[in-house]
Amino acid sequence: MFSKILIANRGEIAVRIIKTCRKLGIKTVVVYSEADADSMAVEMADESVFIGPAPAAESYLVADKIVAACRETGAEAVHPGFGFLSENAGFAERLAKEGIVFIGPNPGAIKAMGDKIESKKFAAKAGVSTVPGHVGEIEDTAHAIKIAEEIGYPVMIKASAGGGGKGIRVAWNRQDVEEGFPAVRAEAKASFGDDRIFIEKFIESPRHIEIQVLGDKHGNVVHLFERECSIQRRNQKVIEEAPSPLLDAKTRAEMGAQAVALAKAVNYDSAGTVEFVAGQDRSFFFLEMNTRLQVEHPVTEMITGVDLVEQMIRSAAGEKMTFGQDDLKIDGWAVESRIYAEDPYRGFLPSIGRLVRYSPPAEGPLLGGGIIRNDAGVREGDEISMFYDPMISKLSTWAPTREAAIDTMGRALEDFHIEGLGQNVPFLAAVMDQERFRSGKLSTNYIKDEFPEGFHGAEPTSFQRDVMAAVALSMHRTVTRRAAPQLLRNDWVVVENGERRATRVSNGGDEFVVEFLGEGRKLRLTKVDWRPGKPVFAGVLDGTAFSVQVQPAAEGFKIRHRAATAHVLVLTERSAELHEKLPPKQAADTSKMVLSPMPGLVVALDVSVGREVRSGEQVAIIEAMKMQNIIRAERDGVVKAVNAKAGDSVAADEVLVEFA
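Conventions we followed
Throughout this description, residue numbers start from 1 for each chain and increase along the sequence as written. The model is predicted, so local features are restricted to residues of pLDDT at least 70 and side-chain atom pairs to those at 80 or more, both for listing and for counting; the totals for chains, interfaces and linings are taken over all residues. Calculated side-chain values reflect all of the structure's heavy atoms, with hydrogen atoms and water omitted. Aromatic pairs are defined between Phe, Tyr and Trp rings, using the six-membered ring for Trp, whenever the two ring centres lie within 6.5 Å; interplanar angles under 30 degrees are classed as stacked, those over 60 as edge-to-face, and all others as tilted. A run of H or I in DSSP counts as a helix once it spans at least four residues, and a run of E counts as a strand once it spans at least two, with each numbered from the N terminus. Remark: exposure states derive from per-residue accessible area (1.4 Å probe, protein chains only) relative to the maximum for the residue type, with buried under 20%, exposed over 50%, and partly exposed in between. Note on geometry: a ring has a charge over it if NZ (lysine) or CZ (arginine) is within 6 Å of the ring centre and within 35 degrees of the ring normal. Remark: nonpolar core denotes a set of buried residues (Ala, Val, Leu, Ile, Met, Phe, Trp, Tyr, Cys) joined through side-chain atoms within 4.5 Å. Contacts were defined at the residue level, with two residues in contact if any of their heavy atoms lie within 4.5 Å. For two strands to be treated as a pair, DSSP must find no fewer than two bridges joining them. To obtain an axis, a line is fitted to C-alpha atoms, over the contacting stretch when the element is a helix, and the angle between two such axes runs from 0 to 180 degrees between their N-to-C directions. Multiplying 1.5 Å by the residue count of a helix minus one yields the expected span of that helix. It is the directions from the helix axis to the C-beta atoms that the arc portrays. We call a pair of cysteine sulfur atoms a disulfide when they lie within 2.5 Å. A pair is scored as a salt bridge if a Lys or Arg side-chain nitrogen falls within 4 Å of a carboxyl oxygen belonging to Asp or Glu.

### Things to note about the packing of aromatic side chains
The geometry of an aromatic ring pair is captured by two quantities: the separation of the ring centres and the angle between the planes.
For step 1, the next point in the chain: By the definition in use, this model includes 15 aromatic pairs.
For step 2, the next point in the chain: Consider the rings of Y358 and F416, whose centres lie 5.7 Å apart with planes at 65°: the pair is edge-to-face. A residue pair is termed long-range when its members are at least 10 positions apart, and Y358 in strand β19 (residues 357-359) and F416 in the loop between α12 (402-414) and β24 (417-419) qualify at 58 residues. With respect to burial, Y358 and F416 carry one shared label: buried.
For step 3, the next point in the chain: We note R489 situated over the ring of W492; from NZ or CZ to the ring centre the distance is 5.5 Å.
For step 4, the next point in the chain: Positioned over the ring face of F516 is R501, at 4.1 Å from the centre of the ring.

Set out below in structure tokens:
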């Protein structure tokens with residue numbers, strides 16, 4: 001076994017690897033860029049080595065710097081995590097020449113399966129059913145258009161060296177190829193140092209199901225069942241679960257056998273994932289193989305009890321696998337939600353900045369059953385940088401059944417509090433509450449189907465309206481008791497998003513009783529955990545435990561429970577009457593402006609003063625989180641002013657272009 005391992009990665013996966021190394025008694029070295037100098041991974045590792053500027057191309061993607069760090073620290077092996085150099089066969093070969101062990105598959109397997117173009121050729125030769133497409137390099141945009149029209153729209157434009165949802169576009173027509181092909185090529189070059197592209201038929205309403213495989217250097221290969229990864233946005237996985245609600249035992253066995261056969265054919269000797277596109281009828285086609293650890297590996301670990309990082313290390317050290325296929329069983333159900341630094345209310349655009357508050361739910365087993373796990377590489381006060389993936393953490397839950405695992409996730413998301421930047425927790429909570437998700441009727445079009453106009457939160461249910469009213473009344477009473485006890489009273493009018501409810505409150509021991517006058521109902525709020533200034537209010541309302549996010553507003557409180565948000569006022573009857581007479585606040589008119597929807601780097605700004613622009617026309621390209629975002633005009637107009645240029649850094653809502 002190794003005595004010291006270098007982790008050639010950052011963020012949550014670096015922290016995840018450190019935890020397993022500690023369990024095994026292995027010392028760790030982590031490399032870091034300027035942006036990660038004060039990171040959690042650097043704090044946790046036994047040693048750290050600085051490797052350069054923030055851009056990955058100048059730090060984490062430079063093999064020479066990784067090798068030099070190994071030499072400096074005496075690390076015997078390198079764990080690449082995922083992304084960066086994890087699927088780079090040249091890097092694995094370089095380490096071998098230097099006498100350093102690569103904790104991953106052998107270079108031959110990486111070459112055969114890690115390159116998306118070569119893997120298609122290999123799979124076809126091996127008789128594996130694959131998605132129709134062009135299995136060869138594409139010269140330029142004109143060539144891409146020709147291929148796309150031969151295959152037939154829609155098509156998927158993909159980076160050969162891609163992964164993690166980067167370097168992928170779906171093209172529904174010629175214009176999409178004209179715009180998408182150069183964008184994918186640019187993303188591929190920036191993220192992977194390899195701008196080769198391939199095109200394949202995009203299968204509509206498919207499901208994305210992947211099989212986890214694990215091999216050793218003695219010819220043994222097993223699969224650890226499947227993960228359902230169909231809930232995606234921009235080809236980036238958002239919610240994953242294991243097992244899949246689609247598969248029956250027969251299909252699971254067939255997919256597992258095919259994945260193992262493919263892995264054995266390339267002498268696979270580490271953790272890897274064989275990805276399939278599946279139809280609702282359980283038909284499936286080989287898509288690609290990821291020759292590395294997957295982001296969503298926690299759900300597989302939770303249903304099998306196998307530590308995949310540990311098995312990768314043991315395999316790399318030459319140890320023989322101590323279990324076979326018959327020893328592996330599915331135990332319960334696990335769900336993973338990716339917590340991203342993005343604003344779901346603004347089209348899920350990246351949101352970079354500081355984690356002013358970061359308070360995840362407590363990890364471990366729950367009293368009522370279930371388990372919560374949170375894989376993170378950040379702490380309160382850390383900054384989410386524009387240079388890397390916008391993931392904040394991966395929240396996973398386990399329970400004996402799928403329904404219970406989803407319910408546990410819903411409650412865990414209630415307890416997750418983040419301030420300082422946009423984050424997608426409300427959106428994830430909305431999905432957990434949707435009947436379609438809970439029924440298991442999934443596809444990769446799920447988000448597009450369920451949120452066709454984008455995400456705007458959810459209307460409060462009757463239970464949520466009761467929760468928000470009770471919470472507002474309880475907080476108001478606490479604040480009033482401290483600040484002006486002479487104003488305490490029992491009868492109040494609660495106004496939630498403009499809707500009035502007459503109430504009467506009373507305290508009875510540990511109970512806070514709320515009576516809704518005119519509704520003939522009384523609710524009891526118990527086990528309250530809140531004090532002024534605390535952003536999360538927890539309690540039990542008539543036997544149902546809950547947590548809500550709270551903050552003071554101009555008059556009253558802003559309260560969010562899962563995806564439902566309300567501005568709640570607690571007023572006297574006279575104040576409520578006067579409040580109704582106030583004129584509504586008018587929003588500022590920004591119709592003649594093109595605003596940057598996110599902080600980022602201006603890659604291109606394609607208009608000039610005096611030019612006539614049509615609605616839908618491309619105006620600028622803003623790069624953030626390694627993704628290029630096309631900004632389009634939302635109206636016709638003549639350009640009056642251009643306030644930025646290529647190469648500028650811009651803030652969210654900064655005015656890029658003004659129309660006359």
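There's plenty left to go through after this.
### Observations regarding unusual backbone geometry
For step 1, the next point in the chain: Between Y153 and P154 the backbone carries a cis peptide bond, its omega angle lying at 0°.
For step 2, the next point in the chain: Tracing the backbone shows P154 in the loop between α7 (141-151) and β7 (155-163).
For step 3, the next point in the chain: Each neighbour pair has its own omega, and for A242 with P243 the value is -5°, a cis peptide bond.
For step 4, the next point in the chain: Structurally, P243 is set in the loop between β12 (236-242) and α9 (249-265).
For step 5, the next point in the chain: You will see that R234, though not glycine, has its phi angle at about 55°, which is positive.
For step 6, the next point in the chain: Tracing the backbone through its elements, the reader meets R234 in the loop between β11 (221-233) and β12.

### Regarding the nonpolar core
For step 1, the next point in the chain: Formed by 65 residues in total, the largest nonpolar core has its most connected members in L6, I66 and V78.
For step 2, the next point in the chain: Of the residues forming this core, the biggest block, 6 residues, is contributed by helix α1 (residues 11-24).
For step 3, the next point in the chain: Those residues within four positions of V78 in sequence are excluded, and the remaining contacts are L6, A8, I66, C70, F91, L95, I100, V101, F102 and I103.
For step 4, the next point in the chain: Counting residues in hydrophobic clusters, the runner-up holds 39 residues, among them V238, I239, F348 and Y446.

### Remarks on the side chain of S393
For step 1, the next point in the chain: Note on placement: S393 falls in strand β23 (residues 391-399).
For step 2, the next point in the chain: Of the residues examined, S393 reaches a relative accessible area of 0% and is grouped as buried.
For step 3, the next point in the chain: Contact partners of S393, with chain neighbours within four places excluded, come to S337, R338, I339, Y358, N374, D375, A376 and F416.

### Notes on helix α10 (residues 297-304)
One turn of the α-helix equals 3.6 residues, which is why residues spaced by three or four share an orientation.
For step 1, the next point in the chain: Of all 8 residues making up α10, 8 are buried, and the element is well covered by its neighbours.
For step 2, the next point in the chain: Within the span of α10, buried status applies to H297, P298, V299, T300, E301, M302, I303 and T304.

### A look at the sheet that holds strand β27 (residues 511-516)
For step 1, the next point in the chain: Around the barrel, 8 strands lie side by side as β25-β26-β27-β28-β29-β30-β31-β32; this closed barrel has antiparallel pairing. Taken pair by pair, the neighbouring strands of this sheet meet at an average axis angle of 35°, ignoring direction.
For step 2, the next point in the chain: As defined by bridge partners, strand β30 (residues 544-552) adjoins strand β31 (residues 557-561) across 4 bridges and the pair is classed as antiparallel. Considered in β31, the bridge of Q549 is made with R560.
For step 3, the next point in the chain: Strands β30 and β31 of the sheet are contacted by α12, whose axis makes an angle of about 30° with β30.
For step 4, the next point in the chain: Helix α16 (residues 462-483) rests against β25 (491-496), β26 (499-508), β27, β28 (521-529), β29 (536-541), β30, β31 and β32 (564-571) of the sheet, and its axis sits at about 140° to β31.

### Comments concerning the pairing of β26
For step 1, the next point in the chain: Pairing geometry for β25 and β26, over 6 bridges, is antiparallel. Paired with V493 across the two strands is A502, which belongs to β26.
For step 2, the next point in the chain: Following β25, the chain reverses through 2 residues before pairing antiparallel with β26; N497 in that reversal takes a positive phi of roughly 50°.
For step 3, the next point in the chain: With 6 bridges joining them, β26 and β27 adopt antiparallel strand pairing. Each residue of the ladder has a partner; that of R504, found in β27, is E515.

### Some points on the side chain of E179
For step 1, the next point in the chain: Inspection of the secondary structure puts E179 in helix α8 (residues 174-192).
For step 2, the next point in the chain: Among all residues touching E179, those that are not within four sequence positions of it are Q618, I630 and R632.

### Re α9
For step 1, the next point in the chain: When the terminal C-alpha atoms of α9 are compared, their 24 Å separation across 17 residues agrees well with the 24 Å that a helix rising 1.5 Å per residue should span.
For step 2, the next point in the chain: Where α9 is concerned, the buried positions are T251, R252, M255, G256, A259, V260, L262 and A263. Projected down its long axis, α9 shows its buried positions confined to an angular sector of 160°, all on one face.
For step 3, the next point in the chain: For α9, the elements touching its buried residues are α5 (107-114), α6 (116-125), β10 (207-215), β11, β13 (271-278) and β14 (284-290).

### Considering the state of the cysteines
For step 1, the next point in the chain: Throughout the structure, instances matching the rule amount to 0 disulfides.
For step 2, the next point in the chain: This cysteine, C70, is not joined by any disulfide, and C21 carries the nearest cysteine sulfur, 13 Å off.
For step 3, the next point in the chain: For C70, a relative accessible area of 2% translates into the label buried.

### What to know about the pairing of β27
For step 1, the next point in the chain: Counting the residues between successive antiparallel strands, the hairpin from β26 to β27 contains 2 residues, one of them, G509, with a positive phi of roughly 65°.
For step 2, the next point in the chain: Here β27 runs beside β28; their pairing, made up of 5 bridges, is antiparallel. Paired with V513 across the strands is R524, a residue of β28.
For step 3, the next point in the chain: What sits between the antiparallel neighbours β27 and β28 is a turn of 4 residues, in which G518 has the positive phi angle 90°.

### Details of the pattern of salt bridges
Two side chains of opposite charge can pair, provided their charged atoms sit close to one another.
For step 1, the next point in the chain: Overall, the coordinates contain 66 salt bridges when judged by the stated rule.
For step 2, the next point in the chain: Between R632 and E179 there is a salt bridge; the shortest N-O distance is 2.5 Å. Placement of R632 in strand β37 (residues 627-632) and of E179 in helix α8 is noted, with a sequence separation of 453 residues between them.
For step 3, the next point in the chain: Residue E179 is classed as buried on the basis of its relative accessible area, which comes to 19%.
For step 4, the next point in the chain: Because the salt bridges share partners, they merge into one network encompassing R16, K23, E301, D307, E310, R314, E319, R373 and D375.

### Some points on the environment of K558
For step 1, the next point in the chain: Turning to its location among the elements, K558 is positioned in strand β31.
For step 2, the next point in the chain: Take K558: its relative accessible area is 41%, and that puts it in the partly exposed class.
For step 3, the next point in the chain: Taking C-alpha positions, K558 is 46 Å from T291, a pair spaced 267 residues apart along the chain.
For step 4, the next point in the chain: When near neighbours in sequence (up to four residues on either side) are disregarded, K558 contacts Q549, V550, Q551, A553, T565 and A566.

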